[in-house]
Amino acid sequence: MGVFFSIAPQFTVNMTLKIYKLDGSPPARAVMMLAEILQLKHEALDVNLMAGEHLTPEYLEKNPLHTIPFLEDGDFYVTDSHAINTYLASKYGGAQSEKLYPTDFKVRATVDSRLFFDVSVVSPASSAITVALLNGEITSPTKQQTEKLNFAYEVLDKYLQKTKFAAADHLTVADISLAASISSASLLVPIDQKYTKLTAWLNTIQQEDWYKKKNVPGLEVYKAFVSSKLK
Ligand SMILES: N[C@@H](CCC(=O)N[C@@H](CS)C(=O)NCC(=O)O)C(=O)O
């Protein structure tokens, strides 16, 4: 009876998906990696932050926070890479949805906690250094900045002692966000080899085609910037 309705409308790929991004931006790369994993049909639009394209009245009307990445799904808007990725995995993940963003309350809470760990610990520690380099305030990370990133590495290494990936024994959206952030952070403060689980996890992720295609090119852009500033 219900067989004729087996293709749920929420899994229909919407041709109007637009992703505003910049390859050098770690959170934008996290969204582009997930879009690649899901083979999402979308339009990728570069937003030149240096030219202030994120501060135009049109962009601010849609995204008052003026950040990238930013998602437009028809007339529905999502700000923040973590919110974008949980939305995309839930709505367009199809058969991969349950693995990428599990519905089990406890597993989902663990995925969310790793995503918030990225938002509240890893990304701020990394971007504080990037911004200070950009403003010419530092030419190498300060002791305190280095300690903050090392703390993030230590915590993630501990999580990875419990599960093969950041939140479970399989890849979830948390790994995608953390892969973008940690690969970028490691250019600022190298990951000490003593973090064996973290090093092994990053090595595993670096083998993935979606990582090579959607993280590596932007990481190279970021690396060129960092190398031009670090002494
Ligand atoms: N938590 C946000 C961070 C987004 C963010 O800060 N993006 C930076 C580029 S990496 C940006 O858009 N900066 C411009 C601005 O904030 O005006 C996310 O994950 O999307």
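Residues numbered from 1 in each chain as written. Predicted model: local features only at pLDDT ≥ 70, side-chain atom pairs only at ≥ 80, totals over all residues. Heavy atoms only, no water.

### Points about the site of the ligand
We apply this condition: Proximity criterion: a residue is near a molecule or strand once any of its heavy atoms comes within 4 Å of it. Each accessible area is a Shrake-Rupley result for a 1.4 Å probe, and residues are judged covered by the shown protein chains and nothing else. Three classes are used, and their members are as follows: Ala, Val, Leu, Ile, Met, Phe, Trp, Tyr, Cys and Pro are nonpolar, Asp, Glu, Lys and Arg are charged, and the others, Gly among them, are polar.
Residues in close proximity to the ligand include Ser 25, Pro 27, His 54, His 66, Thr 67, Ile 68, Pro 69, Asp 80, Ser 81 and His 82, which together make up its full environment. Surface burial for the ligand is 68%, taken as the share of its 500 Å² of free accessible area covered by protein chains. Considered class by class, the residues forming the shell around the ligand number three nonpolar, six polar and one charged.

### Description of the sheet that holds strand β1 (residues 17-21)
Selection criterion: Between any two strands, pairing holds if DSSP finds at least two bridges. A helix here means a DSSP run of H or I that spans at least four residues, while a strand means a run of E at least two residues long, and both kinds are numbered starting from the N terminus. Inter-axis angles, ranging from 0 to 180 degrees, are taken between N-to-C directions of lines fitted to C-alpha atoms, where helices are fitted over the stretch in contact. For this analysis, residues touch if any pair of their heavy atoms sits within 4.5 Å.
Pairing is mixed in the open sheet, where four strands are placed in the order β2-β1-β3-β4. Two strands lie at the open edges of the sheet, namely β2 (43-46) and β4 (76-79), each paired on one side alone. Here the strands of the sheet are splayed against their neighbours by 20 degrees on average, with no regard to which way each runs. Pairing geometry for β1 and strand β3 (residues 70-73), over four bridges, is antiparallel. Paired with Ile 19 across the two strands is Leu 71, which belongs to β3. Contacts from helix α1 (residues 26-37) reach β1 and β2, with the element oriented near 145 degrees to β1. Here helix α3 (residues 81-92) sits on the sheet and contacts β1, β3 and β4; the angle it forms with β3, its principal contact strand, is near 35 degrees.

### What about the UniProt feature "domain: GST C-terminal" (unreviewed entry) in the protein chain?
Spelled out, the test is: UniProt positions are given in the numbering used here, feature names are shortened, and annotations may be inferred rather than shown by experiment.
Per the UniProt record, "domain: GST C-terminal" (unreviewed entry) is annotated on residues 104-225. In residues 104-225, helix accounts for 76% and strand for 0%; the two terminal C-alpha atoms are 41 Å from one another.

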